[in-house]
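Now for the letters of each chain:
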Amino acid sequence: MNTKQLKWLSYASSFVMLMATLGGTAVTKLDAGLGCGREWPLCNGKFVPAHTLSSLIEWSHRAVSGAAGMLALAAFIAFMIYRKERRDLKAYATLALIFVVVQAIMGALAVVFSQSSAVMALHFGFSLIAFASSLMLALGMREQEREEANMPKLPTGPVTRRFRNLVWFATFYTYIVVYLGAYVSHTSSAGGCSGWPLCNGQVIPELTGGVGIAFIHRIGAITLFFVIAVLGHFAYRKHQGNKEIRSLGLAATVLVIVQIFTGAFLVMNLTNSNMYIFASLSHIFVLACMFGVLSYMSVRTWQLSRAEAKQGQLNTRLN
């Protein structure tokens, strides 16, 4: 396979992986998880189920998740054969395949056996990692195609270990906040904090039951905004010769701002059945893009920090 074919394979894998992630959200929000009963891979004893709304939603999600798995497997095989020299691309393809398989198994177990809210939140977290891995693969292939076409590369330069560690922390903290949000979504805590920005009309509500969990998630989301804002500041102001890092930092900052508004939109439509599913999907879409950008930024800062370390060692030897 040539570079263009590999690029489009990675694009297709990333897109279908995103659809599978959004489909899981739709299944949860529309309470269609048992639309196919306690059966897997069959749906109510059939390969193609009866045309009830819940069964169609669950069956469609299974079909898209299956397609995501097939594309992840195809990408893994293709990159292992045709990009043997690119350890980074092979790592992305491997991670995408591992996590799409893990989340599929967890989804199947959730159907056959009831799972706790904590496990279901982890299921969503794994699907997010699968999408982020496939997105990194697509971005990596895009850059390789630009290089082979002799297109101008984005100016790059080494980054410090401190900045790399900041990016790593922001990515890890984002995952924690996402997990808390998924946990809230899978429990009765979703409506624990009504209203926005106040929680039940109070700055600090009585932290009992679902209110406490929902409020902690809000505090985590607000803190995340400041963490990524600081990251964006250092990415843009301290790396003026590195357009790639500046672009990634700016993208992460814009996405976290949009994320706050989609989160507020979601809270304000908890009781509006017509807008709730749209608000939920919008929230997850922005969240997935933000986590994907941060994941790719984590890898690139690691690569560039190693370049700085090697340059420092070379200068030491020359001196």
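Bear in mind that the values here come from a model prediction, so they are computed numbers and not experimental data.

Rules of the game
Sequence order sets the numbering: in each chain, residues are counted from 1 along the sequence as written. Thresholds applied to this predicted model are a pLDDT of at least 70 for local features of residues and 80 or more for the giving and counting of side-chain atom pairs; totals over whole chains, interfaces and linings are not thresholded and use all residues. Side-chain numbers here rest on the full set of heavy atoms in the structure, without hydrogens or water. Secondary structure elements are defined from DSSP: runs of H or I of at least 4 residues count as helices, runs of E of at least 2 residues count as strands, and each element is numbered from the N terminus. Note on classification: 1.4 Å probe, protein chains only; a residue is buried when its accessible area is under 20% of the maximum for its type, exposed when over 50%, partly exposed between these limits. Whether two residues are in contact is decided by their heavy atoms, any of which lying within 4.5 Å being enough. For every accessible area listed, the method is Shrake-Rupley and the probe measures 1.4 Å; residues are considered covered only by the protein chains on display. Put simply, buried Ala, Val, Leu, Ile, Met, Phe, Trp, Tyr and Cys residues joined by side-chain atoms within 4.5 Å make one nonpolar core. Lines fitted to the C-alpha atoms define the axes, with helices restricted to the stretch that makes contact. Angles between their N-to-C directions range from 0 to 180 degrees. For classification purposes, angles smaller than 35 degrees are called roughly parallel, those larger than 145 roughly antiparallel, those between 65 and 115 roughly perpendicular, and all remaining angles oblique. Crossing handedness is defined as follows: a turn of the near helix away from the far one that is anticlockwise and smaller than a right angle gives a left-handed crossing, while the clockwise case is right-handed. All residues other than Ala, Val, Leu, Ile, Met, Phe, Trp, Tyr, Cys, Pro, Asp, Glu, Lys and Arg, Gly among them, are scored as polar; the first ten of these are nonpolar and the last four charged. How far a helix is expected to stretch is found by multiplying one less than its residue total by 1.5 Å. What counts as a ring pair is set by centres within 6.5 Å for rings of Phe, Tyr and Trp (its six-membered ring), and what kind of pair is set by the plane angle: stacked under 30 degrees, edge-to-face over 60, tilted for all other angles. Throughout this description, the term charge over a ring refers to an Arg CZ or Lys NZ atom that lies within 6 Å of the ring centre and within 35 degrees of the ring normal. When a carboxyl oxygen of Asp or Glu lies within 4 Å of a side-chain nitrogen of Lys or Arg, that pair is called a salt bridge. The predictor attaches a confidence to each residue, and that confidence, scored 0 to 100, is pLDDT. Polar contact is defined as a pair of N or O atoms within 3.5 Å, subject to the rule that within protein one atom must be able to donate a hydrogen and the other to accept it, and that residues adjacent in sequence are counted only when both atoms are side-chain atoms.

In this section: the overall build of the protein chain. A tally of regular secondary structure across the protein chain gives eight helices and zero strands. Its helices and strands taken in sequence order, the protein chain reads α-α-α-α-α-α-α-α from the N to the C terminus. By residue count, 47% of the 319 residues in the protein chain fall in the buried class. Put simply, 74% of the contacts in the protein chain that link residues at least 6 apart link residues at least 24 apart. For the protein chain, the accessible area works out to roughly 16300 Å², and carbon and sulfur atoms hold 67% of it.

F79, F163 and M297 are the most contacted members of the largest nonpolar core, which totals 37 residues. Residue assignment for this core shows that the elements contributing at least two residues are helix 1 (3-29), helix 2 (53-82), helix 3 (87-112), helix 4 (117-148), helix 5 (161-185), helix 6 (210-237), helix 7 (243-268) and helix 8 (273-318). Excluding residues within four positions of it along the chain, F79 makes contact with L6, S10, K84, L89, K90, A93, L137 and M141.

Looking now at the packing of helix 1 against helix 2. As a packed pair, helix 1 and helix 2 sit with axes 8 Å apart at the nearest point and diverge in direction by 155°. Here helix 2 runs roughly antiparallel to helix 1, going by the angle between their axes. Classified by chirality, the crossing of helix 2 by helix 1 is left-handed. Grouping the constituent residues of the contact of helix 1 with helix 2 by class yields 19 nonpolar, six polar and one charged.

For helix 3, spanning 26 residues, the distance from its first C-alpha to its last is 38 Å, which sits close to the expected 38 Å at 1.5 Å a residue. Inspection of helix 3 places L89, Y92, A93, A96, L97, F99, V100, Q103, M106, A108, A110 and V111 among the buried residues, and these make up the whole buried set.

Taking 1.5 Å per residue, 32 residues should reach 46 Å; helix 4 reaches 47 Å between its end C-alpha atoms and fits that length. Just downstream of helix 4 lies N150, where phi reads positive at about 60°.

Describing an aromatic ring pair means giving the distance of the ring centres and the angle of the ring planes. Taken as a whole and judged by the stated rule, the model has six aromatic pairs. Pairing Y175 with F291 gives two aromatic rings, centres 5.9 Å apart and planes at 45°, and the pair type is tilted. Taken together, the residues Y175 in helix 5 and F291 in helix 8 connect sequence positions 116 residues apart. On the basis of relative accessibility, which here comes to 16%, the residue Y175 falls in the buried class. Residue class for F291 comes out buried when judged on its relative accessible area of 6%. Judged by centre distance (6.3 Å) and plane angle (85°), the rings of F265 and F278 are edge-to-face. In this pair, F265 is assigned in helix 7 and F278 in helix 8, connecting sequence segments 13 residues apart. A relative accessible area of 26% means that F265 is categorised as partly exposed. Lying across the ring of W168, R164 places its NZ or CZ 4.6 Å from the centre.

What follows deals with the pattern of salt bridges. Considering all chains together, one arrives at five salt bridges under this definition. In this structure, the salt-bridge partner of K7 is E145, at a minimum N-O distance of 3.0 Å. Taken together, the residues span a long stretch of sequence, with K7 in helix 1 and E145 in helix 4 at a distance of 138 residues. Its relative accessible area of 24% is what places E145 among the partly exposed residues. A salt bridge links R62 to E58, with the nearest nitrogen and oxygen atoms 3.0 Å apart. Remark: E58 and R62 occur in helix 2; sequence separation between them is four residues, near one turn of the helix. For R62, a relative accessible area of 15% puts it in the buried group. By relative accessible area, which is 5% here, E58 ends up buried.

To continue, consider the side chain of R164. Locating R164 in the fold gives a position in helix 5. Looking at R164, the relative accessible area reads 15%, which means it is buried. Each residue touching R164, except ones within four places of it in the same chain, is listed here: T301, W302 and S305.

Here the focus is the confidence of the model for the protein chain. Of the residues in the protein chain, 85% have a pLDDT of 70 or more, and the chain-wide mean is 83. Under a pLDDT of 50 for its full length, residues 313-319 has, in the predicted model, zero contacts with residues more than four places off or in other chains.

On to the environment of D88, then. You can see D88 is positioned in helix 3. As a C-alpha pair, D88 and V299 span 211 residues in sequence and 8.8 Å in three-dimensional space. A distance of 2.8 Å separates the side chain of D88 from the side chain of R86, its partner in a polar contact.

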